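# Fold and geometry: a report
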Amino acid sequence: MAWFVHVARRRSFTKAATEMEVTRATVSQHLKSLERHLNVRLLHRTTRDMSLTEEGRRLFDVLQPAFAAIEGAVTDLGEAGAEPSGMIRLSVSRVAARSLIEPHMAAFLALYPKLRLELVTDDGFSNIVADGLDAGIRLGESLDAHMIAVPITPPMQMAIVGSPGYLERHGIPETPQDLKHHNCLSYRFTSSGTIDRWSFITPDAEARTVVYEPDGNAIFNDDDSMLRAALQGVGLVQHLDLCVRPYLQDGSLVRVLLPWAHPRPSFFLYVPSRAQMPAKTRALVDFLVEQRKKLARQIAG
């Protein structure tokens, strides 16, 4: 059954054989023996593909949690008191990679020299279990309610920013209605193809949501390119305050419409399970939580 779980996880005899350091023929023979023993077909096999039968899916759904718990317990025993080591495969959006991981990567790897970090950059939502990943980072609004997740940034806001030169030429908008007189640069989501609309909250007791459809002379699907355009004075852009904070600090960008800022949830690091969390994953969680605390202190100061 353990052989079957390995094959079903990887959807490949070759990948399972490589993982277990045996030949493909050995894996295939064990699976045939299990099918004969159970008198049921567990896998559909072709020369190009492999998939679970209905019976195979039912068996895998029962066995997968049990074997995961066993593997986690064995890992915990082996790692007790040991220095975190091994590979951490992390699914991360481009924005999170640039703002939360890349600036601190050197410090993290220096702190844990036996660790290796692989960033799998994807702006969609990754199924970390199916993709064989250890953890992922996404905005809280993107996570399933049942996901095991830890906030790694303070609560955020959407910020409207422009260069000092642009604002000197075109003036400072006081309300979202004033944006119709400005060149508002757009961001298009790669996954859905839709334009990111700008949302605001009225600065009064009603706190109504106001939505603006940006209609400038440039559209981007990469936030770095969009920010470079803003830095050149092309127009106004909307981005997370966390991402534009360095530019606001050095004065290369100026924030406008602050009283109308729309709140956004934190970034979260999510994992398959809190039970039997590997030492390497716990090290990453603890490190990013400490970075969150430092950032919160900087913002408060």
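In short, a report on the structure. Keep in mind that what you see is a predicted model, and the values were worked out from it rather than measured. (Residues numbered from 1 in each chain as written. Predicted model: local features only at pLDDT ≥ 70, side-chain atom pairs only at ≥ 80, totals over all residues. Heavy atoms only, no water.)

### Quick word on the overall build of the protein
For the protein, the count of helices and strands is 10 helices and 15 strands. Since a compact globule built from 301 residues should have a radius of gyration of about 19 Å, the 24 Å found for the protein marks it as more spread out than a globular shape. If one aligns the C-alpha atoms of the protein with their principal axes, the spans along those axes are about 75 × 45 × 35 Å. Scored against the burial criterion, the 301 residues of the protein give a buried share of 41%. With the model as given, the accessible surface of the protein reaches about 16300 Å², and the carbon-plus-sulfur share is 53%. Positive and negative charge centroids in the protein, built from 34 and 34 side chains respectively, lie 6 Å apart. (Helix = DSSP H or I, 4+ residues; strand = E, 2+ residues; numbered from the N terminus. Rg over C-alpha atoms; globule rule 2.2 N^0.38 Å. Buried < 20%, exposed > 50% of the residue type's maximum accessible area, 1.4 Å probe, protein only. Areas by Shrake-Rupley, 256 points an atom, 1.4 Å probe, with all protein chains shown as cover. Lys, Arg positive; Asp, Glu negative; His and termini not counted. Charge placed at Lys NZ, Arg CZ, Asp CG, Glu CD.)

### Regarding the sheet that holds strand S6 (residues 148–151)
Picture the strands of a sheet paired through backbone hydrogen bonds; they go either parallel or antiparallel. Ordered in space as S4-S3-S5-S15-S6, the five strands form an open sheet in which the pairing is mixed. The sheet is open, and its two borders are formed by strand S4 (115–121) and S6, each paired with just one other strand. Across the sheet, the mean angle separating the axes of adjacent strands is 25° when strand polarity is ignored. In terms of strand pairing, strand S5 (residues 135–139) meets strand S15 (residues 267–271) through four bridges, oriented antiparallel. Counterpart to Arg-138 in the pairing with S15 is Phe-268. (Pairing = 2+ DSSP bridges. Axes fitted to C-alpha atoms, helices over the stretch in contact; angles between N-to-C directions.)

### A few points about unusual backbone geometry
You will see that Ala-207, though not glycine, has its phi angle at about 50°, which is positive. Mapped onto the secondary structure, Ala-207 falls in the loop between strand S9 (198–201) and strand S10 (209–212). Classification of Ala-207 as partly exposed rests on a relative accessible area of 40%. Of note, Leu-257 is a non-glycine position whose phi angle comes to about 60°, a positive value. As for its placement among the helices and strands, Leu-257 is situated in the loop between strand S13 (254–256) and strand S14 (262–264). With relative accessibility at 7%, the residue Leu-257 sits in the buried group.

### A short note on the side chain of Ser-12
Within the element layout of this structure, Ser-12 appears in the loop between helix H1 (2–10) and helix H2 (13–20). Here Ser-12 falls in the buried class, since its relative accessible area comes to 16%. Within polar-contact distance, the side chain of Ser-12 engages the backbone nitrogen of Lys-15 at 3.0 Å. When neighbours within four sequence positions are excluded, Ser-12 is seen to be in contact with Val-7 and Met-50. (Polar contact = N/O pair within 3.5 Å; in protein donor to acceptor, adjacent residues only side chain to side chain. Contact = heavy atoms within 4.5 Å.)

### Topic: the packing of H1 against helix H3 (residues 24–38)
Where H1 meets H3, the axes come as close as 9 Å, and the angle between the chain directions of the two elements is 115°. The handedness of the crossing between H1 and H3 comes out as left-handed. Contact residues: H1 offers Trp-3, Phe-4 and Val-7, while H3 offers Thr-26, Val-27, His-30, Leu-31 and Leu-34. Looking at the contact of H1 with H3 residue by residue, the classes come out as six nonpolar, two polar and no charged. (Left-handed = near helix turned anticlockwise from the far one by under 90°. Nonpolar A, V, L, I, M, F, W, Y, C, P; charged D, E, K, R; others polar.)

### Some thoughts on the packing of aromatic side chains
Under the defined criterion, the tally for this structure stands at four aromatic pairs. The structure contains a cluster of three or more aromatic residues connected by ring pairs, namely Phe-108, Tyr-112 and Phe-287. (Phe/Tyr/Trp six-rings, centres within 6.5 Å; stacked < 30°, edge-to-face > 60°.)

### Comments concerning the layout of surface pockets
The method is simple in principle: a probe with the dimensions of a water molecule rolls over the atoms, and the space it marks as empty is what remains. Estimates place the volume of the second largest pocket at around 630 Å³. As for the second largest pocket, its lining consists of 23 residues, and the residues nearest its centre are Val-95, Leu-139, Tyr-187, Phe-189 and Arg-264. Of the residues in the lining of the second largest pocket, the class split is nine nonpolar, seven polar and seven charged. (1 Å grid on protein atoms, 1.4 Å probe; cavity = no way out; pocket = protein on both sides within 12 Å on 5 of 7 lines; lining within 4 Å. Points joined across faces, edges and corners; volume = space filled by probe spheres on them.)

### Description of the pairing of S5
Across the five residues that make up S5, a large majority, five, are buried. Pairing of strand S3 (residues 86–92) with S5, which is carried by three bridges, proceeds in the parallel orientation. Its bridge partner lying in S5, Leu-90 is registered against Ala-135.

### Focus: the environment of Asp-134
Tracing the chain through its elements places Asp-134 in the loop between S4 and S5. With relative accessibility at 19%, the residue Asp-134 sits in the buried group. At a separation of 2.7 Å, a polar atom in the side chain of Asp-134 contacts the main-chain amide nitrogen of Arg-89.

### Structural notes on empty space enclosed by the protein
Applying the stated rule across the entire model yields one cavity of 30 Å³ or more. In this structure, the largest cavity spans a volume of roughly 50 Å³. Around the largest cavity, the lining residues are Leu-100, Ile-101, His-104, Met-105, Phe-108, Leu-117, Leu-284, Phe-287 and Leu-288. If you list the elements that add at least two residues to the lining of the largest cavity, you get helix H5 (94–101), helix H6 (105–111) and helix H10 (279–300). It is H10 that provides the largest number of residues to the lining of the largest cavity, a total of three residues. Taken together, the residues of the lining of the largest cavity break down into eight nonpolar, one polar and no charged.

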